[in-house]
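Tertiary structure, described
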Amino acid sequence: MPTGCPRCADIGTPASVEATFRELPTSLLSASSGYKFGAWLPYTHGLTLNEGNTPCLDLPRLAAEVGIRQLTAKHEGMNPTGSHKDRMSAQGISRALDIGARTIVLASSGNAAVSAAAYCAVAGLRCEVATYGHMPEPYARALHRFGTKRVTFKRSLDRWSYVRQQVEREGAFALTNYCVPAVGSPVFGVEGYRAVALELAADGCLPDHILVPTSRGDLLWGLYSGLRDLLAAGLIPHMPRLWAIEPFPRLSRVLAGASLQAEFEGQTAQFSIAGSTVTLQQKLAVEMSGGGAVATSDAEATRGAVQLAGQGLWVELCAGACLAALRSLCDRGQILPSEHALLLLTAKGDRDTFDVAC
């Protein structure tokens, strides 16, 4: 169901679908073969570039500066192609191979494009990416090197129309959303993000709050899904509060009463989390975890990225926004001095083009 739940669509409330498991695993012991946490994911074996197992790094100096008990960072830039998107590519493209697909198609002008291109190269699948014409040069160069077909468009909705056409006319497997109103990416890819939660539990790094750069909420939902099941299995003592970090108010406005299907226009250099839409999955993830949404400007995100660089962490602009949002939440009393917060650093910064002088 790449377009989400058909019954929800019929009544005008588009929604993603998710995998459900007949039984919850009872431990986090590593699998002897295949994916490390295969018992918790749709595919127990499949395509891999050894993604995951990214480090949780303690940041005591920043914790003291911000005024909280503990601050850690989960550095997803340590994945094979430099971002969390590798987790989605591994599960999603394993699904494509399983059903005999020959072509992967997606709409992305950033990390998802590079990740899909690399995993398709390993799988021997054709990869087509609908991008903006002004895609940053490092990303465009990577797509060329991986042998990916790039098709450029001016508008986001035109990219989605191209993906839909390739799925419906050519039988391609979509790795990202192409629906209007938006739903999340196809379920098998999103489920790959559950492994972030599993690693936090296995590494003994369960915070009170997790700050997540968010566009349509795939990573946010996968993280919530994994934490929810860990809690139900008795493997973690509490549910961390999840905070969606966005470049301008979108989910923030929905939580304040705006329509979930509205368009929320805004300009940002945080291209990894740009876009004008909100999905039900991200709304549910923050509501059911007791969290919320925080809008962070490009200038604030830049300062955050520079401060993280002072800790030896070179991250993309929207990952820097996490630190700025943390300060805001602490100032508002929503994160207390006695608590532990975790920044989910989505990607390394070597492809980013933000101005450090902001």
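From a predicted model like this one, the values you see are computed outputs, not experimental measurements. (Residues numbered from 1 in each chain as written. Predicted model: local features only at pLDDT ≥ 70, side-chain atom pairs only at ≥ 80, totals over all residues. Heavy atoms only, no water.)

1. Things to note about helix 6 (residues 156–170)
Keep this limit in mind: Numbering of helices and strands starts at the N terminus; helices are DSSP runs of H or I of at least 4 residues and strands are runs of E of at least 2. Multiplying one less than the number of residues by 1.5 Å gives the expected span of a helix. Exposure is judged per residue with a 1.4 Å probe applied to protein chains only, and the accessible area is read against the type maximum: over 50% gives exposed, under 20% gives buried, and values in between give partly exposed. The arc in question is traced by the directions running from the helix axis to the C-beta atoms.
Between its terminal C-alpha atoms helix 6 stretches 21 Å, which fits the 21 Å expected from 15 residues at 1.5 Å a residue. Burial in helix 6 covers these residues: Arg159, Trp160, Tyr162, Val163, Gln166 and Val167. Across the axial projection of helix 6, the buried residues extend over an arc of 155 degrees, all falling on one side. For helix 6, the exposed residues lying more than 90 degrees away from the buried face are Glu168 and Arg169.

2. Some points on the nonpolar core
Among soluble globular proteins, nonpolar side chains are generally buried collectively. We count it as follows: To qualify as a nonpolar core, a set must consist of buried Ala, Val, Leu, Ile, Met, Phe, Trp, Tyr and Cys residues joined through side-chain atoms within 4.5 Å. We call two residues in contact whenever any of their non-hydrogen atoms come within 4.5 Å of each other.
Residues Ile104, Leu106, Ile210, Leu223 and Leu227 are the most contacted members of the largest nonpolar core, which totals 63 residues. The element that contributes the greatest number of residues to this core is helix 4 (residues 111–123), accounting for 8 residues. Residue contacts for Ile104: discarding those within four places in its chain leaves Ile93, Ala96, Cys120, Leu125, Arg126, Cys127, Glu128, Phe173 and Leu175. Among the nonpolar cores identified, the runner-up in size contains 28 residues, and Ala63, Leu71, Val294 and Ala325 belong to it.

3. Observations regarding the sheet that holds strand 6 (residues 173–174)
Rules: At least two bridges found by DSSP between two strands are what make those strands a pair.
Strands sit in the order 5-4-3-6 across an open sheet of 4 strands; the sheet is parallel. The open sheet is flanked by strand 5 (149–153) and strand 6, the only strands paired with a single partner. As paired strands, strand 3 (residues 103–107) and strand 6 are joined by 2 bridges and run parallel to one another. In the strand pairing of strand 6, Val105 is matched with Ala174.

4. Some remarks on the packing of helix 4 against helix 5 (residues 137–145)
The criterion, for reference: Axis definition: a line fitted to C-alpha atoms, limited for helices to the stretch in contact. Angles are taken between N-to-C directions and run from 0 to 180 degrees. Any angle that is under 35 degrees is reported as roughly parallel, and any over 145 degrees as roughly antiparallel; angles of 65 to 115 degrees are reported as roughly perpendicular and all others as oblique. Should the near helix be turned anticlockwise from the far one by less than a right angle, the crossing is termed left-handed; should it be turned clockwise, right-handed. Three residue categories are used. Nonpolar comprises Ala, Val, Leu, Ile, Met, Phe, Trp, Tyr, Cys and Pro, charged comprises Asp, Glu, Lys and Arg, and polar comprises the others, including Gly.
Contact geometry of helix 4 with helix 5 gives a least axis separation of 9 Å together with a crossing angle of 15 degrees. Taken together, helix 4 and helix 5 sit at an angle that is classed as roughly parallel. Relative to helix 5, helix 4 is oriented so that their crossing is left-handed. For the pair helix 4 and helix 5, contact is made by Asn111, Ala113, Val114 and Ala117 and by Tyr139, Ala142 and Leu143, respectively. Here the residues of the contact of helix 4 with helix 5 sort into 6 nonpolar, 1 polar and no charged.

5. Observations regarding the environment of Thr302
The line we're drawing: What qualifies as a polar contact is a pair of N or O atoms within 3.5 Å, subject to a donor-acceptor requirement within protein and to the restriction that residues adjacent in sequence count only when both atoms come from side chains.
Within the fold, Thr302 resides in helix 12 (residues 298–309). Through-space distance from the C-alpha of Thr302 to that of Glu316 is 9.1 Å; in sequence the pair is 14 residues apart. A polar contact of 2.8 Å, which involves the side chain of Thr302, links it to the backbone oxygen of Asp298.

6. A word on the packing of aromatic side chains
Using the following cut-off: Geometry of aromatic contacts follows a simple scheme: Phe, Tyr and Trp rings, the Trp one being its six-membered ring, pair when their centres are within 6.5 Å, and the pair is stacked under 30 degrees between planes, edge-to-face over 60, tilted otherwise.
Scanning the entire structure with this criterion turns up 4 aromatic pairs. For the pair Tyr43 and Phe188, a centre-to-centre distance of 5.8 Å together with 50 degrees between the ring planes defines the contact as tilted. Taken together, the residues Tyr43 in the loop between helix 1 (6–10) and strand 1 (56–58) and Phe188 in helix 7 (residues 187–191) connect sequence positions 145 residues apart. Assessed through its relative accessible area of 12%, Tyr43 is described here as buried. Using a relative accessible area of 23% as the deciding quantity, one classes Phe188 as partly exposed. Pairing Tyr139 with Phe271 gives two aromatic rings, centres 5.5 Å apart and planes at 90 degrees, and the pair type is edge-to-face. Here the residue Tyr139 occupies a position in helix 5, and Phe271 occupies one in the loop between helix 10 (251–255) and helix 11 (280–289), the gap between them amounting to 132 residues. For Tyr139, a relative accessible area of 2% corresponds to the buried category. Residue classification places Phe271 among the partly exposed residues on the basis of a relative accessible area of 26%.

7. Some remarks on the pattern of salt bridges
Operational definition: Put simply, a salt bridge is a Lys or Arg side-chain nitrogen that is within 4 Å of an Asp or Glu carboxyl oxygen.
This structure, assessed with the given rule, holds 17 salt bridges. In this structure, the salt-bridge partner of Asp98 is Arg95, at a minimum N-O distance of 3.9 Å. Residue Asp98 and its partner Arg95 are located together in helix 3 (residues 85–98), separated by 3 residues, close to a single helical turn. For Arg95, a relative accessible area of 25% corresponds to the partly exposed category. With its nearest N and O atoms 2.9 Å apart, the salt bridge here joins Arg126 to Glu128. For Arg126, a relative accessible area of 43% translates into the label partly exposed.

8. Notes on the environment of Leu251
Note that Leu251 resides in helix 10. Ignoring anything within four residues of it in the chain, the contact list for Leu251 reads Ala244, Glu246, Val278, Gln282, Lys283, Val286 and Ala293.

9. Some thoughts on the pairing of strand 4 (residues 126–132)
This is how it is decided: With strands facing away from the observer, any crossover in which the path from the first strand over the helix to the second runs clockwise is taken as right-handed.
Burial runs high along strand 4: 5 of the 7 residues are buried. In this view, the connection linking strand 3 to its parallel neighbour strand 4 by way of helix 4 has right-handed handedness.

10. A closer look at the packing of helix 3 against helix 4
In a packed pair of helices, the relevant descriptors are the angle between the two axes and the axis-to-axis distance. Contact geometry of helix 3 with helix 4 gives a least axis separation of 9 Å together with a crossing angle of 45 degrees. When the axis of helix 3 is compared with that of helix 4, the two are oblique. At the point where helix 3 passes helix 4, the crossing takes the right-handed sense. Only Asn111, Ala112, Ser115, Ala116, Tyr119, Cys120 and Ala123 of helix 4 make contact with helix 3, whose side of the interface consists of Lys85, Asp86, Met88, Ser89, Ala90, Ile93 and Leu97. For the contact of helix 3 with helix 4, the residue count by class is 9 nonpolar, 3 polar and 2 charged.

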